[in-house]
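Architecture and fold: a report
Given next are the chains, with one letter for each unit.
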Amino acid sequence: MASWETLAAFAVLTIAVAYFPGPALLYTAAQTIAHGRRAGFMAMLGIHLGCYLHVIAAAFGLSAVFKHVPELYVAVKLAGALYLVWLGIVMIRSRLGGADVEVAPPKTVKRALLDSFIVEVLNPKVALFFIALLPQFVDPASSLPVWAQFLILGTIVNFAFSSADLVTVLGASAVIKTMKTKAGFAFGRWLGGSLMIGLGVKLATDKG
């Protein structure tokens with residue numbers, strides 16, 4: 001592995017990137033505001049699990065395909081963006097069932113896990129982020145294989161990102177506690193859906 005000084009720089013950079021407001025934080029906030037804290041936690045878990053696919057792809061060089069086949073990068077990016085827009089529209093049009101408007105149906109909570117996993121997997125920028133960041137902190141001369149170093153460093157990054165998502169979910173859940181009426185929760189779904197649609201449009205039009 002790299003030296004302790006290099007790993008310390010890696011830790012500082014990882015925390016800074018993880019807590020900088022970005023698509024994942026906006027997404028978890030939108031899920032939490034629209035469907036409650038449990039859905040927010042499931043969204044966080046879905047993103048965490050989806051991120052491991054990018055870590056594994058980076059470890060074995062699969063993510064480099066996006067750099068060499070820009071058409072594939074654009075196709076995956078647009079697919080992810082359209083999926084976000086569709087989720088936002090569904091979120092705005094959804095209706096809570098049952099008497100307790102503060103608790104999302106179990107189906108909605110489980111769906112948040114699957115949707116979040118798909119959203120993360122369909123975000124090629126995450127793949128490019130890992131192949132841009134991790135090689136800077138890998139030591140080819142180490143007795144530990146390069147792919148193993150990729151997996152270790154990628155896992156550390158993933159947990160740092162998830163800690164930021166956790167803070168976001170807790171903060172957003174504190175906000176929705178002020179919305180106790182059906183009208184308040186309807187506004188929450190509208191706000192969360194609007195965030196999803198806006199995020200999808202941004203990802204689709206972003207040239208980076």
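Residues numbered from 1 in each chain as written. Predicted model: local features only at pLDDT ≥ 70, side-chain atom pairs only at ≥ 80, totals over all residues. Heavy atoms only, no water.

Right, let's get into the packing of helix α3 (residues 37-59) against helix α8 (residues 146-176). Relative orientation of the contacting elements α3 and α8 amounts to 165°, with a least axis distance of 9 Å. As the angle between them shows, α3 and α8 are arranged roughly antiparallel. As for how α3 packs across α8, the hand of that crossing is right-handed. Residue composition of the contact of α3 with α8, grouped by class: 17 nonpolar, seven polar and two charged. (Axes fitted to C-alpha atoms, helices over the stretch in contact; angles between N-to-C directions. Helix = DSSP H or I, 4+ residues; strand = E, 2+ residues; numbered from the N terminus. Parallel < 35°, antiparallel > 145°, perpendicular 65-115°, else oblique. Left-handed = near helix turned anticlockwise from the far one by under 90°. Nonpolar A, V, L, I, M, F, W, Y, C, P; charged D, E, K, R; others polar.)

For the rest of this paragraph, the subject is helix α2 (residues 23-35). Here α2 contains 13 residues, and its C-alpha end-to-end distance of 18 Å stays within 8% of the 18 Å for a straight helix at 1.5 Å per residue. A large share of α2 lies buried, amounting to 10 of its 13 residues. When α2 is considered as a whole, its buried residues turn out to be Leu25, Tyr27, Thr28, Ala29, Ala30, Gln31, Thr32, Ile33, Ala34 and His35. Downstream of α2 by a residue or two, Gly36 has a phi angle that is positive, lying close to 105°. (Expected span 1.5 Å × (residues − 1). Buried < 20%, exposed > 50% of the residue type's maximum accessible area, 1.4 Å probe, protein only.)

Moving on, we get to a nonpolar patch on the surface. A contiguous nonpolar patch, built from Ile56, Phe60, Leu62 and Trp147 and spanning about 440 Å² of accessible area, is present on the exposed surface. On the secondary structure map, Leu62 appears in the loop between α3 and α4 (65-68). Since its relative accessible area comes to 54%, Leu62 is described here as exposed. (Patch = residues over 30% accessible without salt bridge, like charges linked within 9 Å, V, L, I, M, F, W, Y side chains within 5 Å. Areas by Shrake-Rupley, 256 points an atom, 1.4 Å probe, with all protein chains shown as cover. Salt bridge = Lys/Arg side-chain N within 4 Å of Asp/Glu carboxyl O.)

Counting 16 residues, the largest nonpolar core has Phe10, Phe130, Leu133, Leu134, Phe150, Leu153 and Val157 as the members making the most contacts within it. Judged by nonpolar contacts, the second largest core, of 14 residues, contains Ala34, Ala43, Ala81 and Leu87. (Core = buried A, V, L, I, M, F, W, Y, C linked by side-chain atoms within 4.5 Å.)

It is worth spelling out the pattern of salt bridges at this point. All told, the structure shown has one salt bridge when counted by the stated rule. Of the charged contacts, one joins Asp115 and Arg111 as a salt bridge, the two residues approaching to 2.9 Å between their closest N and O atoms. Highlighted residues: Asp115 and Arg111, both in helix α6 (residues 106-121), separated by four residues, approximately one helical turn.

What follows is about the packing of aromatic side chains. In the structure shown here, the tally under the stated rule is five aromatic pairs. Aromatic side chains Phe60 and Trp147 sit 5.9 Å apart centroid to centroid with 20° between the ring planes, which places their arrangement in the stacked category. On the criterion of sequence distance, the pair formed by Phe60 in the loop between α3 and α4 and Trp147 in helix α8 is long-range, its members being 87 residues apart. Under the relative-accessibility criterion, Trp147 is labelled partly exposed at 44%. Arranged with centres 5.9 Å apart and planes meeting at 25°, the rings of Tyr83 and Trp86 form a pair that is stacked. In this pair, Tyr83 and Trp86 both sit in helix α5 (residues 70-93), three residues apart, roughly one turn of the helix. Classification of Tyr83 as buried rests on a relative accessible area of 15%. Within the aromatic cluster, the residues linked to one another by ring pairs are Phe129, Phe130 and Phe161. (Phe/Tyr/Trp six-rings, centres within 6.5 Å; stacked < 30°, edge-to-face > 60°.)

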